[in-house]
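Here are the chains, one letter per residue:
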Amino acid sequence: MENEEKKIVPVENEEQFDACDFEFVHHEKNDKIHDEEFKTKPTTFAKDALKRFAKNKASVVGAVIIGILLIGSFASMLSPYDVEAVYMDRVRLPPKVREASNGFWDGTVKYTRVYDPDTQFPVLEDENSDDISGDNALNADCVLADSIWLDPELHYYSEAVPHGKGGYYRLRADKTIEDGATSYFFNNFTSKKVKFDITQADDLKLSVTFGGEDGLFEDKLVPVNIWLCGLVDNDYGANDQITPILLGENLISPDGNDFTFNVDDIAAKMAAAGLNKIFYARIRFEFQASSNVSSYILVKNVKLTCADTSSDTLKQRLNEVSFDDPNWLARYTTPDKYTERYWQSSAQRLVHKVYTQQCTFLYDSYRDVFGVRNAFVIGKSILQSYIEKGWCTMSDFDDISTFKLTSPDSLDCPLRSIESLQIYDGVYQYTGHVLYYRYLDLNGAPSYIFGTDAKGRDMVTLALSCLKNSLLLAIITSGICLAIGLVWGSVSGYFGGNVDLIMERITDILSGVPWIVVMTLAMLSLGRNYLTFGIAVCLTGWIGTSSRTRTQFYRFKGREYVLASRTLGASDGRLIFRHILPNGLGTIVTGSVLMIPSTIFSEATLSYLGLGLQGTASFGVVLSENQANLSSRPMLVIFPAIIVSLLMISFNLFGNGLRDALNPTLKGGEQ
Amino acid sequence: MGKYILKRLALAVVTLFIILSLTFILIKLLRIELPLGGDQKAVFSYMENQVHLGYVESFTSPIEGRDLLWQYTPTGQKNTLYYYVTPVMKQYIRWLGNIVTRWDWGTSLYVAPNRTAIEIIMGRLPVSMSLNIISVIFSVPLGIFLGIVAALNKNKPVDHFISTFVMIFISIPSFILITFSVWILAYQLNWLPSQWAKPTDPDATKVLSYIIPVFALSFGSVCGYCRFVRAELCEVMESEYLLLARTKGLTKRQAIIRHALRNAMVPIVPAILAEFIGILGGSTILERLYGIPGIGGLFYDSLNKKDWSVLFVDMALFTTISLVSGVFLDLSYGLIDPRIRMGAKK
């Protein structure tokens with residue numbers, strides 16, 4: 001230590017300073033210095049936290065999004081669409097924002113169907129169609145005609161398909177005939193019984209075209225014989241044995257590939273055989289191949305004609321056995337009850353190179369559901385109500401021709417025209433064209449921004465009301481858990497010692513039971529609704545809060561200000577509520593806030609797995625119900641998924657910002 | 001140290017016992033649901049099964065004071081059989097006895113009829129294990145690397161991009177992620193199989209079918225590690241010994257590798273262990289959606305089908321794993337960071 005005394009020389013005048021090296025400036029030399037008022041205002045904990053929160057832009061964004069979602073979810077209660085009801089008449093409508101034009105967000109669905117070149121229109125009757133409006137076939141009015149696009153690639157089939165065109169009928173050799181040393185393969189192609197009437201007919205002609213393709217088949221079946229066989233006198237004869245007439249034999253094609261030939265004088269041959277009357281016969285082709293079994297022949301058409309002077313019945317009968325559409329032949333399974341096929345051959349009914357052309361087109365689903373519906377049944381009382389409203393008139397209820405619209409140009413009247421009337425037990429049923437949205441008493445067809453789900457509920461309303469339910473549940477359970485956890489944790493943390501030990505062990509055991517088991521037990525015993533879920537969450541959810549509270553209490557319990565307060569005689573309650581708790585509240589509240597998205601998430605997961613809520617509108621249920629429609633109606637899954645993800649992201653951002661904001665040690669950290 | 005380990009393990013065993021017993025009793029207190037439909041023969045065979053398993057007792061005359069579950073007169077016989085639920089305590093003692101003496105956890109009724117529960121679990125364990133190990137191998141390096149990159153470029157665009165990316169993927173629920181990845185990759189683009197490969201599929205399919213599950217499982221982990229490593233490394237970068245290292249003259253790279261990284265990695269190891277355990281149990285949705293025969297799906301299957309034997313084995317497995325891993329976690333803290341000794345007295 002220095003023993004020297006430093007002398008303090010008072011400065012008398014300013015000139016002494018001029019000799020110094022430094023430049024000093026007097027400051028407040030002559031002022032009297034008093035305590036001054038603070039220039040900045042005192043700030044409370046909340047204001048300080050808010051300032052820190054606002055600095056973190058991401059958290060502000062998160063908070064804003066949460067606010068929007070909250071308002072939106074409660075606004076869903078104002079929606080005109082009811083979420084509880086099921087509307088089966090408008091299931092799975094696509095999203096619509098604008099009128100049907102080019103397929104983007106306009107309520108149209110893209111379909112692929114077989115194209116019919118004769119009608120220049122896709123074939124709409126299809127067993128596999130989407131059953132939108134309750135009819136099995138699509139409605140031709142709702143197809144947007146200028147959106148039909150033909151797929152240039154033709155699809156070829158080897159078995160008959162609906163609406164196939166072109167191609168050949170394919171015959172296989174499948175029987176083996178042993179003729180001495182050689183064996184050959186063989187098949188018959190036999191028509192149904194035709195009633196020949198040669199007393200009248202004269203000019204009977206048979207022409208057949210067999211087609212072939214180079215290099216396609218191993219061996220060609222060769223048409224050997226053509227018979228007129230199975231002659232019987234009457235309709236019911238079963239035998240086909242009486243002398244068959246050979247119409248042609250050993251038919252060889254001139255160029256080896258296509259066989260076209262005519263049998264001209266059938267009538268003459270029949271007369272030569274001594275048949276001058278009406279009889280029944282079949283036409284039979286025999287084919288033969290010498291080598292292996294995988295040989296085929298393709299039949300393009302068979303025509304049986306007679307002279308123009310013959311009777312119409314004969315012409316019609318002959319027409320029935322003629323065919324030039326192999327696909328039709330292969331599909332045709334006969335209308336008559338004796339189930340005799342028109343042309344029989346053994347084995348399958350095969351075709352070769354029958355093609356279909358696909359086309360895709362846009363289909364206006366909204367018009368299908370809400371537009372004019374044909375074959376709609378209306379009762380008499382409803383018709384009378386329309387008459388009362390002045391939209392139409394009907395002088396005689398039994399005569400449908402007296403039905404008239406008062407103003408055919410306006411669309412007020414739902415019933416546009418009546419097709420027929422049936423009366424059952426005095427109940428009148430009028431069938432006609434009904435404009436469906438007027439039938440529902442609406443002024444225009446509704447348009448759903450994100451479509452409807454499998455139960456006809458509007459997607460936007462559904463998602464937002466799920467959100468409302470989830471948020472309510474999560475906030476309430478979070479609050480309850482906060483209350484319980486706070487009490488438990490503070491008691492355990494403040495008193496310490498044995499009390500703490502016992503409470504900790506209890507908490508350990510409770511947290512050791514897998515949460516999923518608790519949830520499932522609750523669901524199984526108490527039923528599957530939101531209340532049960534809330535109870536199950538509250539059963540173990542407070543553990544996290546209580547352990548955080550306990551940690552905070554241990555941190556602040558030993559501080560000097562607490563000791564000072566206790567020295568002054570503060571009671572336990574005062575210490576807890578006035579000193580320790582306010583310091584620790586930040587982390588505790590943040591943890592509680594972050595519990596909300598995790599509750600929502602676990603509820604969604606559980607419902608998705610089928611273990612949680614059933615039937616009620618909740619995210620997991622909605623997502624799992626619409627999971628199967630992911631490829632055809634992706635919007636139904638995307639929209640709720642986006643809402644859930646947005647909620648979780650914004651809660652996380654908000655929670656992050658809250659954590660920083662409520663941490664008093666960060667005060668003044670960043671300028 | 002040894003005493004501490006033994007104490008923890010003993011405590012874990014006791015906790016396991018209490019948890020299993022609690023769950024057993026609570027589940028057994030649930031009502032037995034008879035099969036739906038009026039087919040008496042089906043109900044009769046169901047009842048006989050339950051008697052065989054010991055859950056229900058049958059008597060030839062009614063007993064006073066107990067609730068009758070069901071009664072049935074087999075066709076052509078005169079005596080009626082009365083079924084009562086076996087008392088829960090009796091079932092409990094029998095179950096405990098089976099486990100302790102014969103290691104017999106029961107036979108499964110619905111999940112895989114007539115196979116013992118242990119067999120079922122052992123059959124499904126390898127798949128889950130292999131998936132978990134592969135996804136840990138994949139996710140740990142990637143997550144740590146991303147975290148390091150983000151922390152080193154703090155507040156630059158790279159950091160913002162990685163943080164946003166991580167934030168988004170942590171928040172999106174896993175089943176949505178899995179649904180969309182299956183939809184896009186398997187259905188739209190047809191690059192990957194949309195279901196788990198069966199044993200009869202070619203090897204290429206088997207390998208490809210690992211990709212989506214590993215991707216789905218590791219996604220959450222990667223994001224978690226990245227966030228964690230970034231936070232730790234940022235905190236370490238502010239510390240004073242790093243400043244000293246730089247002042248000493250080490251280059252930034254040397255300072256980070258030799259000092260910062262090692263200190264930041266300390267809390268990672270427990271986190272890795274925790275994730276590993278968590279994945280084992282948390283891949284249920286994935287297994288459901290993708291058709292993987294694993295133990296996560298087994299839990300929900302047995303819960304839905306009310307096959308209690310399998311459920312208890314599954315629960316015992318999960319609880320044991322989590323408790324033992326808890327012990328290892330605490331121990332590893334002490335091993336890695338010498339400043340921490342859990343449970344140490346002052």
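Conventions adopted
- Residues numbered from 1 in each chain as written.
- Chains lettered and ligands numbered in written order.
- Predicted model: local features only at pLDDT ≥ 70, side-chain atom pairs only at ≥ 80, totals over all residues.
- Heavy atoms only, no water.
- Helix = DSSP H or I, 4+ residues; strand = E, 2+ residues; numbered from the N terminus.
- Buried < 20%, exposed > 50% of the residue type's maximum accessible area, 1.4 Å probe, protein only.
- Contact = heavy atoms within 4.5 Å.
- Areas by Shrake-Rupley, 256 points an atom, 1.4 Å probe, with all protein chains shown as cover.
- Salt bridge = Lys/Arg side-chain N within 4 Å of Asp/Glu carboxyl O.
- Expected span 1.5 Å × (residues − 1).
- Arc of directions from axis to C-beta.
- Patch = residues over 30% accessible without salt bridge, like charges linked within 9 Å, V, L, I, M, F, W, Y side chains within 5 Å.
- Pairing = 2+ DSSP bridges.
- Axes fitted to C-alpha atoms, helices over the stretch in contact; angles between N-to-C directions.
- Core = buried A, V, L, I, M, F, W, Y, C linked by side-chain atoms within 4.5 Å.
- Buried area = accessible area lost by both parts, 1.4 Å probe.
- Nonpolar A, V, L, I, M, F, W, Y, C, P; charged D, E, K, R; others polar.
- Parallel < 35°, antiparallel > 145°, perpendicular 65-115°, else oblique.
- Left-handed = near helix turned anticlockwise from the far one by under 90°.
- Phe/Tyr/Trp six-rings, centres within 6.5 Å; stacked < 30°, edge-to-face > 60°.
- Lys NZ or Arg CZ within 6 Å of the ring centre and 35° of its normal.
- pLDDT = per-residue confidence, 0-100.

Quick look at the overall build of chain A now. Each helix and strand in chain A was counted, giving 16 helices and 20 strands. In chain A, buried positions account for 44% of the 671 residues. In chain A, 74% of the contacts between residues at least 6 apart in sequence involve partners at least 24 apart. Carbon and sulfur atoms provide 55% of the accessible area of chain A, an area that totals close to 36300 Å².

Turning to the pattern of salt bridges, a few remarks are in order. All names here are of chain A. Applying the stated criterion across every chain yields a total of 12 salt bridges over all chains. Between D116 and K165 there is a salt bridge; the shortest N-O distance is 3.8 Å. Linking D116 in strand β1 (residues 108-116) with K165 in the loop between β3 (149-159) and β4 (168-172), this pair joins segments that are 49 residues apart in sequence. Exposure remark for D116: the relative accessible area of 17% places this residue in the buried category. Linking D453 and R457 is a salt bridge whose minimum nitrogen-to-oxygen distance equals 3.5 Å. Overall, the relative accessible area of 0% leaves D453 in the buried class. A network of salt bridges, in which partner residues are shared, links D453, K455, R457 and E625.

All names here are of chain A. Relative to the helices and strands, S158 resides in strand β3. Distance in space between the C-alpha atoms of S158 and S571 is 94 Å, their sequence separation being 413 residues. Leaving out residues up to four positions away in the same chain, S158 has contacts with R170, L350 and V351.

Moving on: helix α2 (residues 57-75) of chain A. Residues and elements named next belong to chain A. Over its 19 residues, α2 extends 27 Å from the first C-alpha to the last, a length consistent with the 27 Å expected when each residue adds 1.5 Å. Among all positions of α2, only S59, G62, I66, L69 and S73 are buried. What you see down the axis of α2 is that its buried residues fit within an arc of 85°, all on one side. Away from its buried face, by an angle of more than 90 degrees, α2 presents the exposed residues K57, I68 and I71.

Residues and elements named next belong to chain B. Examined against the element boundaries, S139 turns out to sit in helix α4 (residues 117-152). You can call S139 buried: its relative accessible area is 2%. Contact partners of S139, with chain neighbours within four places excluded, come to S218, S221, V222 and Y225.

Residue and element names in this part refer to chain A. Residues F74, M77, L472, I476, I480 and I484 make up a contiguous nonpolar surface patch of roughly 530 Å² in combined accessible area. Its location among the elements puts I480 in helix α9 (residues 459-495). Among the residues examined, I480 registers a relative accessible area of 38% and is labelled partly exposed.

Moving on to the sheet that holds strand β19 (residues 415-424) of chain A. Residue and element names in this part refer to chain A. What the 3 strands build is an open sheet, ordered β16-β20-β19; its pairing is antiparallel. Of all strands in the sheet, those with a lone pairing partner are β16 (372-379) and β19, marking the two edges. Strand-to-strand, the axes of this sheet are offset by a mean angle of 25°, without reference to chain direction. Here β16 pairs with strand β20 (residues 427-435) via 6 bridges, running antiparallel. The residue of β20 that forms the bridge with R373 is V434. Helix-sheet contacts for helix α7 (residues 380-388) involve β16, β19 and β20, and the interaxial angle to β16 is about 105°.

In terms of nonpolar packing, the biggest core is built from 87 residues, with L467 of chain A together with W95 and F299 of chain B touching the most fellow members. In terms of residue count, helix α16 (residues 635-661) of chain A provides more of this core than any other element does, 12 residues in total. Among all residues touching F299 of chain B, those that are not within four sequence positions of it are I516 and V517 of chain A together with L311, D314, M315 and F318 of chain B. Ranked by size, the runner-up nonpolar core spans 36 residues in total, among them Y169, L204, V299 and V354 of chain A.

Taken residue by residue, the interface counts 33 residues in chain A and 32 residues in chain B. Summing both partners gives a buried area of about 2800 Å² for chain A against chain B, and 81% of it is carried by carbon and sulfur. Breaking the side of chain A that touches chain B down by element, the ones donating at least two residues are α10 (497-512), α11 (515-526), α14 (572-609) and α16 of chain A. Its residues assigned to classes, the side of chain A that touches chain B shows 23 nonpolar, 9 polar and 1 charged.

Turning our eyes to something else, we now look at the packing of α2 of chain A against α9 of chain A. Residues and elements named next belong to chain A. As a packed pair, α2 and α9 sit with axes 8 Å apart at the nearest point and diverge in direction by 115°. Regarding the angle of α2 to α9, the classification is roughly perpendicular. Where α2 crosses over α9, the handedness of that crossing is left-handed. Side by side, α2 and α9 meet where L69, L70, G72, S73 and F74 of the first sit next to L464, L467, K468, L471 and L472 of the second.

Here we come to the packing of α4 of chain B against helix α5 (residues 157-171) of chain B. Residues and elements named next belong to chain B. Two numbers describe how α4 lies on α5: the axes approach to 8 Å, and their chain directions differ by 140°. Judged by the angle between their axes, α4 and α5 are oblique. Crossing handedness for the pair α4 and α5: left-handed. Together, L146, V149 and A150 of α4 and V158, D159 and I162 of α5 make up the contact between the two elements. A per-class count over the contact of α4 with α5 returns 5 nonpolar, no polar and 1 charged.

One can find S546 of chain A in helix α12 (residues 530-557). Excluding anything up to four places from it in sequence, S546 of chain A contacts G485, W488, G489 and T507 of chain A.

Residues and elements named next belong to chain B. Strands sit in the order β1-β3-β2 across an open sheet of 3 strands; the sheet is antiparallel. Each edge of the open sheet is held by one strand with a lone partner, namely β1 (56-59) and β2 (70-72). Each neighbouring strand pair of the sheet contributes to a mean axis angle of 25°, computed without reference to strand direction.

In this section: the packing of aromatic side chains. Residue and element names in this part refer to chain A. Counted under the stated rule, the structure contains 31 aromatic pairs over all chains. Relative to F495, the ring of Y494 lies with its centre 5.3 Å away and its plane at 85°, an arrangement referred to as edge-to-face. Over the aromatic face of Y436 sits the side chain of R373, whose NZ or CZ is 4.0 Å from the ring centroid.

Our next topic: α9 of chain A. The first and last C-alpha atoms of α9 of chain A sit 53 Å apart over 37 residues, in line with the 54 Å expected at 1.5 Å per residue. Residue G496 of chain A follows α9 of chain A closely and has a positive phi angle near 65°.

Here the focus is the confidence of the model for chain B. It should be kept in mind that the predicted coordinates are not to be read in detail where pLDDT is low. Residue and element names in this part refer to chain B. Residue-level pLDDT values for chain B average 79, and 92% of them are 70 or greater. Mean pLDDT values for the elements of chain B range from 70 in helix α11 (residues 268-282) up to 89 in helix α9 (residues 240-248). Within the model, pLDDT remains below 50 along residues 342-346, and this stretch shows 3 contacts once partners closer than five positions in the same chain are excluded. For this predicted complex, the interface confidence score (ipTM) comes to 0.72, while the overall pTM stands at 0.72.

Moving on, we come to the environment of C234 of chain B. Residue and element names in this part refer to chain B. The topology assignment puts C234 in helix α8 (residues 211-237). Residue C234 is classed as buried on the basis of its relative accessible area of 8%. Beyond its immediate stretch of four places on either side in the chain, C234 contacts A151 and K154.

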